2 protein chains.
Amino acid sequence: MMEPLLQELLSPVRDEVEEMSRFFERELAAPSAVLRELVGHLSRYKGKRLRGTEVLLVGKAFGPLGPEHVPVAAIVEMIHTATLVHDDVLDVASLRRGLASVNARYGNPTAVLLGDYIYAKAFHLSTGLRSQVASRLLAETTRTVCRGEIEQTAARYDFDLTEARYLELIDMKTASLHGAACELGARYAGEGEETALAVRGFGRDLGRAFQIVDDCLDLEGDERIVGKSLGTDVSEGKITLPVVHLLAGLSPRERLRVREIYLAEGIADRAATLAAEFDLRPGIEYAIQCADGSSRKALESLERLPAGPCRDALASLAEYVLCRRS
Amino acid sequence: MMEPLLQELLSPVRDEVEEMSRFFERELAAPSAVLRELVGHLSRYKGKRLRGTEVLLVGKAFGPLGPEHVPVAAIVEMIHTATLVHDDVLDVASLRRGLASVNARYGNPTAVLLGDYIYAKAFHLSTGLRSQVASRLLAETTRTVCRGEIEQTAARYDFDLTEARYLELIDMKTASLHGAACELGARYAGEGEETALAVRGFGRDLGRAFQIVDDCLDLEGDERIVGKSLGTDVSEGKITLPVVHLLAGLSPRERLRVREIYLAEGIADRAATLAAEFDLRPGIEYAIQCADGSSRKALESLERLPAGPCRDALASLAEYVLCRRS
């Protein structure tokens, strides 16, 4: 399921990641045949579990994990899974990690409700923890993620979208949950405000790099490798960083053509048409440079962590998100 | 906006209901133009706010309200509002309280995300309360509501649905949140386990009666009075109590015809066709009898509450849900 490189990289918390996965599946296994089937479908296409792993790596960087690190990591993954299930409804995606997405297989209503169910389960679990730190931070972060998604939806087909606004949107939508995951790793290790904020910064910068690369893969990736429907950003009207960069260098007439490719009736594969008519490489290279800058910034924040295999793994993770192909 | 009868009935907490509405709007007013517009649209079609009012009436029945009753009531209303926004996506409804639903006006993606945003906001507010009682109970209840909706979705077009199973589904989907609202009213008034469970029973029985009547209105109500799209249950394949009762009395051939009306291509108004070909009145009368029984049971649970205008209002509410026409 997971690439060998990533597996290797996460070895300092291999057992704990397993434990997190078991917790995740056990807690979501509901006493109802319908839910069991749906949740079973979910667990069959589990992904990288990066966010949960971030909780564990940050936590263990400070010493042995506390009893609530694994539940917190699983809760973070549940929230991420819920957003994925809803994302697939929004993107009208039919593939998720190489398998049919929930909405493609069971219909949109079920996908909306399953997402809601997982959110509610995650919040419920978080209120059972000894401190309210996780439930507060995660509810706030979920609100930020949703706000980012709403504002990104409203910014569809906005061909004047600036780079700054694009970054704001992905920071809300993606970076915030990575930031919260890392912050929780530190807080549940008993670390204070200053350290918690520094590792949150690490997570946010890593998350930003991750999303920029994700947006590049959507434009130029290979569906068989990435394992999810690609080209959906263009067909759904999302203007991502490579396209922001492309648009900035175009003549008014060319800009109109891009607009047409995004909007005109009767274009079957909009992403392929865009790639056929415009050279996307400079925009993608520019975006990867931005991701690289964000990844470097993440590495700097790591200096606050005690040296050791967990810090090394986090550093490798910040590099991995740049070169990943899926 | 609200019927005079209901207004009258809720007079013991009129000021507090106002306060709850202000809290609701203030907390959802976000620092972003997009969200402000969406939330503004929501508040323009606020409904009966029954569930929040239940928190306040139960709370005040035990004495002056505590400082957290109003926030708790608003949080309950937020959760209900989020489920409504998502329900409208599921039901492909275009009308909600006489105005365009969020999905009809802004599209499904925005409606899914706005629902998520409101849920997250509600959970975030609940984690700011002094005790974790509300956040635990509400997260658990939301999970139950979603489970009910998922299982109801899975039971669409199940023409063998039994009355017992129908009741189970509406108890999860609707009654549970009324039960939680009443329970929270008591718990935030410092009442103990036994009283909390009794008023939860009141809320559940009231909620069950409310949903049965709602399902009857969907079959035979007047869209201009009810203020939302009707006939959606039949067109979406939901088998509600009047139809369960109808099916039980039909010949195999007639049952096949009902099935056809629910499923065959090319029937524009399925609910009207059903009503034209079958006498729905006995089923509706039977359903109203069940609702009546549930309402009576609710009234019995009220005996645990101190006598006074709030208890009287709750009793009137249990009667109101039976005779409402919207």
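### So, the overall build of chain A
Tallying secondary structure elements over chain A gives 17 helices and 2 strands in all. Expressed as a percentage of the 326 residues in chain A, the buried residues total 59%. When the accessible surface of chain A is split by element, carbon and sulfur atoms take 49% of a total near 12,800 Å².

### Section: the relation of the copies chain A and chain B
A rotation about an axis combined with a shift along that same axis relates the two copies of the chain. Rotating chain A by 180° about the axis while translating it 0.0 Å along that axis superimposes it on chain B, leaving an RMSD of 0.0 Å. Such values leave the two copies arranged in the relation of a two-fold axis. An overlap of 100% is found between the interface residues of chain A and their copies at the interface of chain B, pointing to a shared contact surface.

### A short note on the packing of helix α8 (residues 133–154) of chain A against helix α7 (residues 108–127) of chain B
Between α8(A) and α7(B), the shortest axis-to-axis distance is 8 Å and the interhelical angle comes to 160°. By the angle class used here, α8(A) and α7(B) are roughly antiparallel. When you trace α8(A) past α7(B), the crossing you get is left-handed. Contacts between α8(A) and α7(B) involve Ser135(A), Arg136(A), Ala139(A), Glu140(A), Thr142(A), Arg143(A), Cys146(A), Arg147(A), Glu149(A), Ile150(A) and Thr153(A) from the first element and Pro109(B), Thr110(B), Leu113(B), Leu114(B), Asp116(B), Tyr117(B), Ala120(B), Lys121(B), Phe123(B), His124(B) and Thr127(B) from the second. Classifying every residue of the contact of α8(A) with α7(B) gives 9 nonpolar, 6 polar and 7 charged.

### Structural notes on the packing of aromatic side chains
All names here are of chain A. Taken as a whole, this structure holds 5 aromatic pairs over all chains when the rule is applied. Both rings, one in Tyr157 and one in Tyr262, keep their centres 6.4 Å apart while their planes meet at 85°; by these two values the pair is edge-to-face. Pair noted here: Tyr157 is in the loop between α8 and α9 (163–187) and Tyr262 is in helix α14 (residues 252–263), with a separation of 105 residues, a long-range link. Given a relative accessible area of 29%, Tyr157 falls into the partly exposed group.

### Structural notes on the pattern of salt bridges
One pass over the structure, following the stated rule, counts 36 salt bridges over all chains. Across the pair Glu183(A) and Arg200(A) runs a salt bridge, and its minimum N-O distance is 3.1 Å. Here Arg200(A) lies in helix α10 (residues 193–220) and Glu183(A) lies in helix α9, a separation of 17 residues in the sequence. For Glu183(A), a relative accessible area of 4% translates into the label buried. For Arg200(A), a relative accessible area of 29% gives the class partly exposed. Of the charged contacts, one joins Glu193(B) and Arg187(B) as a salt bridge, the two residues approaching to 3.0 Å between their closest N and O atoms. Accessibility expressed as a relative area gives 23% for Arg187(B), which makes it partly exposed. The structure contains a network of salt bridges with shared partners spanning Arg147(A), Glu151(A), Arg165(A) and Glu168(A).

### Re the interface of chain A and chain B
Counting residues at the interface gives 36 residues for chain A and 36 residues for chain B. When chain A packs against chain B, close to 3,600 Å² is buried across both sides, 71% of that on carbon and sulfur atoms. At the surface where chain A touches chain B, the tally comes to 0 salt bridges. Counting across the interface, chain A meets chain B through 8 residue pairs in polar contact (both at pLDDT 80 or more). Contributing elements (two or more residues each) for the side of chain A that touches chain B: α3 (33–44), α5 (69–90), α7 (108–127) and α8 of chain A.

### Overview of the confidence of the model for chain A
All names here are of chain A. On average, residues of chain A score 89 in pLDDT, and 89% of them are at 70 or above. At the level of individual helices and strands, chain A shows its lowest average pLDDT in strand β1 (residues 95–96), which scores 56, and its highest in α9, which scores 98. Scored as a complex, the prediction yields pTM 0.87 and ipTM 0.84.

### Let's talk about helix α15 (residues 270–277) of chain A
Residues and elements named next belong to chain A. Here α15 has its buried residues at Arg270, Ala271, Thr273 and Leu274. Projected down its long axis, α15 carries its buried residues within an arc of 165°, all on one side. Packing partners of the buried residues in α15 comprise α10, α12 (232–235), α13 (241–248) and α14.

### A few points about unusual backbone geometry
For residues other than glycine, phi is negative in most cases, and the peptide bonds are mostly trans. For Tyr157(A), which is not glycine, the phi torsion reads 60° and is therefore positive. Positive phi, close to 50°, is recorded for Arg49(B), a residue that is not glycine. Position of Arg49(B) among the secondary structure elements: in the loop between α3 (33–44) and α4 (50–61).

### Considering the side chain of Asp218(A)
Within the secondary structure layout, Asp218(A) lies in helix α10. Judged by its relative accessible area of 7%, Asp218(A) is buried.

### Thoughts on the environment of Glu193(A)
Residues and elements named next belong to chain A. Mapped onto the elements of the fold, Glu193 is located in helix α10. As for Glu193 and Glu183, which are separated by 10 residues in sequence, their C-alpha atoms are 9.4 Å apart. In terms of polar contacts, Glu193 uses its side chain to reach the side chain of Arg187, at 3.0 Å.

### Brief notes about the environment of Ala291(B)
All names here are of chain B. Structurally, Ala291 is set in helix α16 (residues 281–301). By relative accessible area, which is 0% here, Ala291 ends up buried. Discounting residues that sit within four places of it in the chain, Ala291 has contacts with Ala209, Ile212, Val213 and Leu322.

What counts and how
Residues numbered from 1 in each chain as written. Chains lettered and ligands numbered in written order. Predicted model: local features only at pLDDT ≥ 70, side-chain atom pairs only at ≥ 80, totals over all residues. Heavy atoms only, no water. Helix = DSSP H or I, 4+ residues; strand = E, 2+ residues; numbered from the N terminus. Buried < 20%, exposed > 50% of the residue type's maximum accessible area, 1.4 Å probe, protein only. Areas by Shrake-Rupley, 256 points an atom, 1.4 Å probe, with all protein chains shown as cover. Least-squares fit on C-alpha atoms with pLDDT ≥ 70 in both. Contact = heavy atoms within 4.5 Å. Axes fitted to C-alpha atoms, helices over the stretch in contact; angles between N-to-C directions. Parallel < 35°, antiparallel > 145°, perpendicular 65-115°, else oblique. Left-handed = near helix turned anticlockwise from the far one by under 90°. Nonpolar A, V, L, I, M, F, W, Y, C, P; charged D, E, K, R; others polar. Phe/Tyr/Trp six-rings, centres within 6.5 Å; stacked < 30°, edge-to-face > 60°. Salt bridge = Lys/Arg side-chain N within 4 Å of Asp/Glu carboxyl O. Buried area = accessible area lost by both parts, 1.4 Å probe. Polar contact = N/O pair within 3.5 Å; in protein donor to acceptor, adjacent residues only side chain to side chain. pLDDT = per-residue confidence, 0-100. Arc of directions from axis to C-beta.

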